[in-house]
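Observations on the model geometry
For reference, the chains in residue letters:
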Amino acid sequence: MLFPWFIILMLTCFNLTRSDPQFYDSSDCSSDSSYPGSRYTCKSHHKSCSTFLVYKANQNFNSISTISRLFQSDFHELLRLNNLSPSSDILVSGREVLVPVICSCIHNFFQANLSYIVPENTTLSDIACDVFEALVKFSTLLASQGNGTEIHLPLKCACPDTNDEVMYLITYPLVEGDGFNLLSKKFGVSPMDIWTANHFDPFPTVYPNTTILIPLKNRPVIDFVIPDSPPPAPGFLPTITVENSIMKLKKLYILVSVIGFCLIVTALVLCLWYAKTLYKRKIHTLMSFNTRSSPLSCSTLRSSPKSGNSCLSPDLLVGVKYSLKHYSMEELRKATNDFSEANKIGDRAYKATSLIDNTDMMIKQMRFEDTRKMIDVHTKINHINIVNLLGACYGDNNLSCSYLAFELPSNGCLRKCLSDSTSSLPWHRRIQIAFDIATALHYLHNCIFPSYAHMDVNSRNILITEKWRAKLTNIRADIVGESSERVDVFEYGVVLLELMSGREDKKDGKLLKDCVGFLGGDDSEGSCFEKLRIFMDPSLKEDYPLAEALCLGVLAKACVEDDPLHRPSMDDVHKVIVRLV
């Protein structure tokens, strides 16, 4: 279920991470409604620039003379810019003409200012769509002020970002038949560059009687050698999807991908079923052999110091024998310096050095009855963001506890990394850690059967590798129910707040949760940003994107909602956090 907050958060994160607020308005130029992209928005540091519009010759404006008067441009400049001579003044219908304009940022919108005398019996819709070919929308003209028959035209234009390699953003009016491959060849720019300039997803759908921006790194030149079918007369263009070869290929790819995915899933299900059946038969055979040849009992195990002492059932011992290393107590004492306090790294957890490859391990002392459950869970888990179970030991003359050996990442727990003032985590690593843990929880909740909840997600149960990737440890392994999943989400939200602030929350999430009340929307924008800066970890020294920090804060606040039903699922959380990585 997608909650309203999640949809808003997705849009917020998507828009905040854009480098320039340009959009595409897919509505027809005759529409009386204004949408993002009806006019191109500008930032405060943009002032003005020289750029170009594209105008297509038609039956009413079929010469450089008439077009120059329409746009109040210099006749000779238009001839030179479009490589025309005075003798070739008359143009064929549909011939594209580059028109130079001065684009200015006025009231947060880019526009090329023009005045126009409205002929008798001509509507504003006619002016927007027929005369100026969607270079201005009818809804924009409705809001413009005129003086008698003379009206003010804010034509659509845009200036590139000052840090961008793009020199010009050409406003291009689309007609039926226009496609990205055709425009790419005409202007010598890749379709991907056009998509990027307009913030399109790959293989977008565009419509006639709308405009897009063509990004150019040099002065514009149109290649008219590219074949192009002449468009219908302006005013009679149906508002339909501009189908091109890319769109058809896209549909074909989608169809093939869906069929291929279904076949792969079917094959995987059959393979897993076969493997499970084969495994059960193998275990049954091994069990029969072990039971006939050497019956296991508590007494025989206790009298055999080499094999360790345990009342674990035969099927578990067989599984351990063929999947995990079996450590003796003597080996663990040697690896942990006899379980010394210096080697202690947590509650009943000790740092140990492997006797085989000299790598670090974590030895976890567990209650005897929990050992089987933990082994069973970890045999089902195979994920890069969850620590691996390496081996087991069943105690020494003590049936009340046993030991499990896990991998131990070299940088220790997340809390230690956040508290270490000498090596503070930069922002990009904190985002990566947030993503890794979200991925691990998403895997536990949604990608294995039966699904499990961690039930103890905190900064001390998150271990950091040498390459600053995160791994979950100390999984309690409860079968996922609606309430247990939401507990994981709450605890994950607390971890996000710790990543942002650097502080440890020792009051079950209440301390940091109360500190982000300003994200509820009651404060003004300026006040919200200021309080956010105060909340952030001082060791970051404001070396982080404020928009990303705000997005992460809003996500964290949603995760720690009091009502569990108002919290997002890990699937929702993962969809948001993946946009920030």
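Residues numbered from 1 in each chain as written. Predicted model: local features only at pLDDT ≥ 70, side-chain atom pairs only at ≥ 80, totals over all residues. Heavy atoms only, no water.

Focus: the overall build of the protein
Along its length, the protein carries 19 helices and 17 strands. With 581 residues in all, the protein has 49% of them scored as buried. Long-range pairs, those at least 24 residues apart, make up 70% of the contacts in the protein with a sequence separation of at least 6. (Helix = DSSP H or I, 4+ residues; strand = E, 2+ residues; numbered from the N terminus. Buried < 20%, exposed > 50% of the residue type's maximum accessible area, 1.4 Å probe, protein only. Contact = heavy atoms within 4.5 Å.)

Some thoughts on the nonpolar core
In this structure, Leu 414, Ile 437, Tyr 492 and Ile 577 are the most contacted members of the largest nonpolar core, which totals 56 residues. Secondary structure elements with two or more residues in this core: α13 (414–419), α14 (427–446), β15 (462–464), β16 (470–472), α15 (482–501), α17 (525–535), α18 (546–559) and α19 (570–577). Dropping the residues within four chain positions of it, Leu 414 is found in contact with Leu 425, Ile 433, Ser 459, Ile 462, Ile 464, Val 495 and Leu 499. If you look at the next biggest cluster of nonpolar residues, it comprises 45 residues, including Tyr 40, Leu 84, Val 118 and Leu 153. (Core = buried A, V, L, I, M, F, W, Y, C linked by side-chain atoms within 4.5 Å.)

Overview of the layout of surface pockets
Estimates place the volume of the second largest pocket at around 840 Å³. In terms of lining, the second largest pocket is formed by 32 residues, of which the most central are Asp 347, Ala 349, Lys 364, Asn 461 and Asn 474. Broken down by element, the residue count for the lining of the second largest pocket peaks at six residues, all from strand β11 (residues 360–367). Among the residues forming the lining of the second largest pocket, the class breakdown is twelve nonpolar, eight polar and twelve charged. (1 Å grid on protein atoms, 1.4 Å probe; cavity = no way out; pocket = protein on both sides within 12 Å on 5 of 7 lines; lining within 4 Å. Points joined across faces, edges and corners; volume = space filled by probe spheres on them. Nonpolar A, V, L, I, M, F, W, Y, C, P; charged D, E, K, R; others polar.)

With respect to empty space enclosed by the protein
If a probe as big as a water molecule is rolled over the atoms, it shows which places are left empty. Applying the stated criterion across every chain yields a total of one cavity of 30 Å³ or more. Computed from the structure, the largest cavity encloses a volume of approximately 30 Å³. Lining the largest cavity are Asp 25, Ser 27, Cys 29, Ala 134, Lys 137, Lys 156, Asn 209, Thr 210 and Thr 211.

Notes on the state of the cysteines
By the definition in use, this model includes four disulfides. Here Cys 42 pairs with Cys 105 through a disulfide, and the sulfurs are 2.0 Å apart. Between Cys 42 and Cys 105 the sulfur-sulfur dihedral comes to about 70°; the bridge is accordingly right-handed. Residue Cys 42 is found in the loop between α1 (4–16) and β1 (48–56), and its partner Cys 105 is found in strand β2 (residues 96–106); the two are separated by 63 residues along the sequence. (Disulfide = S-S within 2.5 Å.)

A few points about the sheet that holds strand β9 (residues 344–346)
Spatial ordering of the open sheet is given by β8-β12-β13-β11-β10-β9, a layout of six strands whose pairing is mixed. The sheet is open, and its two borders are formed by β8 (325–326) and β9, each paired with just one other strand. Bridge count between β8 and strand β12 (residues 389–393): two bridges; the pairing is parallel. Among the inter-strand pairings, His 326 is bridged to a residue of β12, identified as Ala 392. (Pairing = 2+ DSSP bridges.)

A few points about helix α4 (residues 124–131)
Of all the residues in α4, the buried ones are Ile 127, Ala 128, Cys 129 and Val 131. Residues of α4 that are buried in the fold lie against β1, α2 (64–70), β3 (109–117), α5 (138–143) and β5 (150–155). Two residues or fewer past α4, Glu 133 is found with a positive phi of approximately 50°.

Description of the side chain of Thr 210
Within the secondary structure layout, Thr 210 lies in the loop between α7 (191–197) and β7 (211–216). A residue is classified by how much of its surface remains accessible, and Thr 210, at 3% relative accessible area, is buried. Engagement of the side chain of Thr 210 in a polar contact is seen with the side chain of Tyr 24, the distance being 2.8 Å. From its side chain, Thr 210 meets the backbone oxygen of Tyr 207 in a polar contact 2.5 Å long. With near-sequence residues (within four places) excluded, Thr 210 lies in contact with Tyr 24, Asp 25, Ser 26, Ser 27, Ala 134, Tyr 172, Pro 173 and Leu 174. (Polar contact = N/O pair within 3.5 Å; in protein donor to acceptor, adjacent residues only side chain to side chain.)

Considering the packing of α14 against α19
Where α14 meets α19, the closest approach of the two axes is 9 Å, and the angle between their N-to-C directions is 150°. What the angle tells us is that α14 and α19 run roughly antiparallel. In terms of crossing hand, the pair formed by α14 and α19 is left-handed. The residues of α19 that touch α14, namely those facing Ala 434, Phe 435, Ala 438, Thr 439, Leu 441, His 442, His 445 and Asn 446, are Met 570, Asp 571, His 574 and Ile 577. Looking at side-chain class alone, the contact of α14 with α19 contains six nonpolar, five polar and one charged residues. (Axes fitted to C-alpha atoms, helices over the stretch in contact; angles between N-to-C directions. Parallel < 35°, antiparallel > 145°, perpendicular 65-115°, else oblique. Left-handed = near helix turned anticlockwise from the far one by under 90°.)

Some points on the packing of α18 against α19
Contact geometry of α18 with α19 gives a least axis separation of 11 Å together with a crossing angle of 175°. Classified by the interaxial angle, the pair formed by α18 and α19 is roughly antiparallel. Touching Cys 551, Leu 552, Leu 555 and Cys 559 of α18 are Val 573, Val 576 and Ile 577, all from α19. Here the contact of α18 with α19 is built from residues that sort into seven nonpolar, no polar and no charged.

Some points on the environment of Phe 110
Position of Phe 110 among the secondary structure elements: in strand β3. For the pair Phe 110 and Cys 49, spaced 61 residues apart in sequence, the C-alpha to C-alpha distance is 9.8 Å.

Considerations on the pattern of salt bridges
Tallied over the full model, the rule gives 17 salt bridges. A salt bridge links Asp 376 to Lys 380; the nearest nitrogen and oxygen atoms lie 2.9 Å apart. Of the two residues, Asp 376 and Lys 380 are both situated in helix α12 (residues 368–380); the distance of four residues between them amounts to about one turn of the helix. Given the relative accessible area of 36%, Asp 376 is considered partly exposed. Across the pair Glu 504 and Arg 460 runs a salt bridge, and its minimum N-O distance is 3.0 Å. Here the residue Glu 504 occupies a position in the loop between α15 and α16 (510–515), and Arg 460 occupies one in the loop between β14 (452–453) and β15, the gap between them amounting to 44 residues. Glu 504 gets classed as partly exposed once you look at its relative accessible area, which sits at 22%. Salt bridges linked by common partners bring Arg 415, Arg 460, Glu 498 and Glu 504 together as one network. (Salt bridge = Lys/Arg side-chain N within 4 Å of Asp/Glu carboxyl O.)

So, the packing of aromatic side chains
Going through the model one piece at a time under the given rule, you end up with 13 aromatic pairs. Judged by centre distance (5.2 Å) and plane angle (70°), the ring pair of Tyr 24 and Phe 200 falls under edge-to-face. Taken as a pair, Tyr 24 in the loop between α1 and β1 and Phe 200 in the loop between α7 and β7 lie far apart in primary sequence, 176 residues in all. As far as the burial class goes, Tyr 24 and Phe 200 line up, both buried. For the pair Tyr 172 and Phe 187, a centre-to-centre distance of 5.9 Å together with 90° between the ring planes defines the contact as edge-to-face. Separated by 15 residues along the polypeptide, Tyr 172 in strand β6 (residues 168–173) and Phe 187 in helix α6 (residues 180–187) bring together distant segments of the chain. By relative accessible area, which is 7% here, Phe 187 ends up buried. An aromatic cluster is present here, built from Tyr 24, Phe 180, Trp 195, Phe 200 and Phe 203 joined pairwise through their rings. Lys 325 extends its terminal NZ or CZ atom over the ring of Tyr 327, reaching a point 5.2 Å from the ring centre. (Phe/Tyr/Trp six-rings, centres within 6.5 Å; stacked < 30°, edge-to-face > 60°. Lys NZ or Arg CZ within 6 Å of the ring centre and 35° of its normal.)

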